[in-house]
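In case you want the letters, here they are:
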Amino acid sequence: MIFAIVIFVLAYIAIASEKFPRHWVALLGGSLLIMFGVLTPSEAMAFISWETLGLVAGMFTLVSILVNAGFFTWLAMTSLRKVNYHPVPLFIILILLAAFLAAFMDSITVMLFLAALTLQLCTLLKIDPVPLVIAEVCAANTGGAATLVGDPPNVILGTTLGFSFADFATNTGPIAIVGALILMVYAFIKNRKSLKEAHIALTPEMIEKIDELHNEPLHVHLTRVGLTGFLMAVFLLIFHIPLSHLTGLPINAAVSALIPAGVALIALRDDQRKKVLVSVDGESILFFAGLFMMIGGLEKVHLFESLAESLALATASNPNTLIMALHWGPGLASGILDNVPLALAMTFVLKDLAAIPGTPALSMLVWSLAMGVDVGGNLTPIGASANVVAYSYMEHNHGSIGWKRWLVIAVPPTLIVMIVASIILLYKYQIGWY
Amino acid sequence: MYALSLIGYVMIGLLLMSMMARARPRVKDPAPGKALKNIPMGLPSRFQLQRSSFLALLTGIAFGLLAGWMTWSTAGIVAAIALVTILFPMRYTFTTKGISVGDGAFYPWNGFSGFSAKGSSLKLDHPSLFGRLTLFVKPAEMGNVLEYVERYVRTR
């Protein structure tokens, strides 16, 4: 047991330090477990959730097609043109857009293009971009909690424990919407003075300059193929369980994403296909594979079983305390720890917890944990991958945000959202809506 | 005509009340035995529980519309209330003594003679209850539920 824990802790430190590529660290950790006999090669393969990897690969491919088509920048610019680039609606639209897009794609991609666009717009409008970028990151992490494919922890929790897109959309979805609205209102109240000043200072020349930004035409064929594939994937993700029962075919979440992605790739030209495949985030897929092996090693030595028993004992079989412990414990921890390995480790704890008589249903535990780790990721610049992306983009192109400023801007609304989420979660448990 | 519409509205009111009472009983007696697990009832289960009242209600609405004593807007409101009632979250409670369906009906374990599970449906054989009680449980929860069912239905 000690060896598996040591490997895991060392890998965790290496990943958190961001000095080494995280996919290599995770794969090396998994390989060491095999080399030293903690896992046999077949056990290591069995611990990898191929459904998670398939779902992630399929969604990454579809998103990559839409990114190559310039769809997301077009969507943001079209929305902003509609409001004539007035600072107040622009501020609101960008935050809501971050939350909405992050519900259907990974928040890293959302922040990659949104941070760049926000910085350009804010520079032209003479607004401080930092509060808006941080608000977008928080909204992206919170919006991602709404669906199975929004945030990596949801993908892991859903695919390994058997919850569908519809389960997430109807349970964490409403909480995420409330959370995103709270973040938007909070950010607006905090910045309303500077936004009003920017609105007064807005001139037709400034509007003209912004209009010239990102004027590249939308790639029609790529957009058509990407959107068709994307909608097909969302449809299959919602209905794959009844469809599987109806047809008798093994349609799981991975198949639901991989089939549309495969069809979309076939519909592309050769050069387009190569470009799309090169831009798929393969490193994240490898990272997930390595991580599954490392966490599998810990599962094999029964660490999670003991953790689950201790947690059930500590909460004295009080369901409300347990729900809150799962929301706040991993939630606050995900502010400083990577929430992907944390969520993966917690899936095993949840499985064991749900088997203990008197504990709430597995679904309730999953919603509580998912909301905690997804929203808790907002707390620090390293809490989630989207934070790291936005923080380093700003560092290179604008100037460092600094940890202190991040904490001042992000912590209060995050805690408010977590408190509101706690109240909704407890209410859900009381009325049986889980 | 007046008497007919009055009877019709009273019947519809009673049906709505009975649906409400099933979804949210005013008096909730705790299910006998030690509670093992509360599992949310899927939408098919809730519809199954309310189907007779719901179909009777729809018949009443159709009759009211055809006979002319009910307006389309009233029919819409009544149907909407009925649908909302079905959407109310409910749950199964598994205890050491049996299964409680939606804080209302309780079925002791010793009434079941066998079971079968497929996908999200769990069929518990029961000599009365038209031969079986069907529970709709999320596939993710099925493992834990089956553990209890296997323990109590087999060891009888």
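Read on for a plain summary of the structure. (Residues numbered from 1 in each chain as written. Chains lettered and ligands numbered in written order. Predicted model: local features only at pLDDT ≥ 70, side-chain atom pairs only at ≥ 80, totals over all residues. Heavy atoms only, no water.)

## Observations concerning the interface of chain B and chain A
Using the following cut-off: By definition, residues are in contact when any of their heavy atoms lie within 4.5 Å. The term buried area denotes the loss of accessible surface (1.4 Å probe radius) that occurs when two parts are joined, taken as the sum for both partners. Here a polar contact is taken to be a pair of N or O atoms separated by no more than 3.5 Å, where protein atoms must pair a possible hydrogen donor with a possible acceptor and residues adjacent in sequence count only if both atoms sit in side chains. Secondary structure follows DSSP: runs of H or I at least 4 residues long count as helices, runs of E at least 2 residues long count as strands, and numbering of each begins at the N terminus. Each residue gets one label: Ala, Val, Leu, Ile, Met, Phe, Trp, Tyr, Cys and Pro are nonpolar, Asp, Glu, Lys and Arg are charged, and the others, such as Gly, are polar.
In this complex, chain B contributes 19 residues to the contact, which on the side of chain A involves 24 residues. Carbon and sulfur atoms make up 47% of the area that chain B and chain A hide from each other, which totals about 1500 Å². Three residues, Arg91(B), Lys138(B) and Ala140(B), lead the burial of chain B against chain A; their summed loss comes to 30% of the area buried on that side. Here chain B is connected to chain A by eleven residue pairs in polar contact (both at pLDDT 80 or more). Within the residue set of the side of chain B that touches chain A, elements represented by two or more residues are strand E1 (35-40) and helix H4 (139-154) of chain B. Here the side of chain B that touches chain A is composed, by residue class, of nine nonpolar, four polar and six charged.

## Brief notes about the environment of Ala187(A)
Residues and elements named next belong to chain A. Checked against the element boundaries, Ala187 lands in helix H10 (residues 165-201). It is 9.1 Å that separates the C-alpha atoms of Ala187 and Ile95, two residues lying 92 residues apart in sequence. If we skip the residues at most four places from it in the chain, Ala187 touches Phe91, Ile95 and Ala135.

## Section: the packing of aromatic side chains
Threshold: Aromatic contacts are taken between Phe, Tyr and Trp rings whose centres are within 6.5 Å, Trp giving its six-membered ring; a plane angle under 30 degrees counts as stacked, one over 60 as edge-to-face, and the others as tilted. For every residue, the accessible area obtained with a 1.4 Å probe (protein chains only) is divided by the maximum for its type, and the residue is called buried under 20%, exposed over 50%, and partly exposed between those limits. Two conditions define a charge located above a ring, namely a distance within 6 Å from the ring centre to NZ of Lys or CZ of Arg, and an angle within 35 degrees of the ring normal.
Evaluation of the coordinates by the stated rule reveals 22 aromatic pairs over all chains. Taking 6.2 Å as the distance between ring centres and 65 degrees as the angle between the ring planes, the aromatic pair formed by Tyr391(A) and Trp406(A) counts as edge-to-face. You can see Tyr391(A) sitting in helix H20 (residues 385-397) and its partner Trp406(A) sitting in helix H21 (residues 403-431), a full 15 residues away along the chain. Given the relative accessible area of 13%, Tyr391(A) is considered buried. A network of ring pairs unites the aromatic residues Tyr92(B), Phe94(B), Trp109(B), Phe112(B) and Tyr152(B) as a single cluster. In this arrangement the basic side chain of Lys428(A) is found over the ring face of Trp433(A), its NZ or CZ atom lying 3.7 Å from the centre. Sitting over the face of the ring of Phe88(B), Arg24(B) holds its NZ or CZ atom 5.7 Å from the ring centroid.

## Quick look at the sheet that holds strand E7 (residues 132-136) of chain B
All names here are of chain B. The cut-off we apply is this: When DSSP finds at least two bridges between two strands, those strands are taken to pair. Lines fitted to C-alpha atoms define the axes here, with helix axes fitted over just the stretch in contact, and angles between the N-to-C directions of these axes take values from 0 to 180 degrees.
If you walk across this open sheet you meet the three strands as E5-E6-E7, and the pairing is antiparallel. Two strands in the sheet have a free side with no partner beyond their single neighbour: strand E5 (114-118) and E7. Each strand of the sheet is rotated relative to its neighbour by a mean of 15 degrees, with strand direction disregarded.

## Here's the deal with unusual backbone geometry
All names here are of chain A. Positive phi is not limited to glycine here, since Lys126 has a value of about 60 degrees. In this structure, Lys126 sits in the loop between helix H7 (107-125) and helix H8 (129-144). Taking the relative accessible area as the measure of exposure, Lys126 reaches 69% and is therefore exposed. Even without glycine at this site, His302 takes up a positive phi of about 65 degrees. Among the structural elements, His302 can be located in the loop between helix H15 (282-300) and helix H16 (303-314).

None of this, on its own, says anything about what the molecule does.
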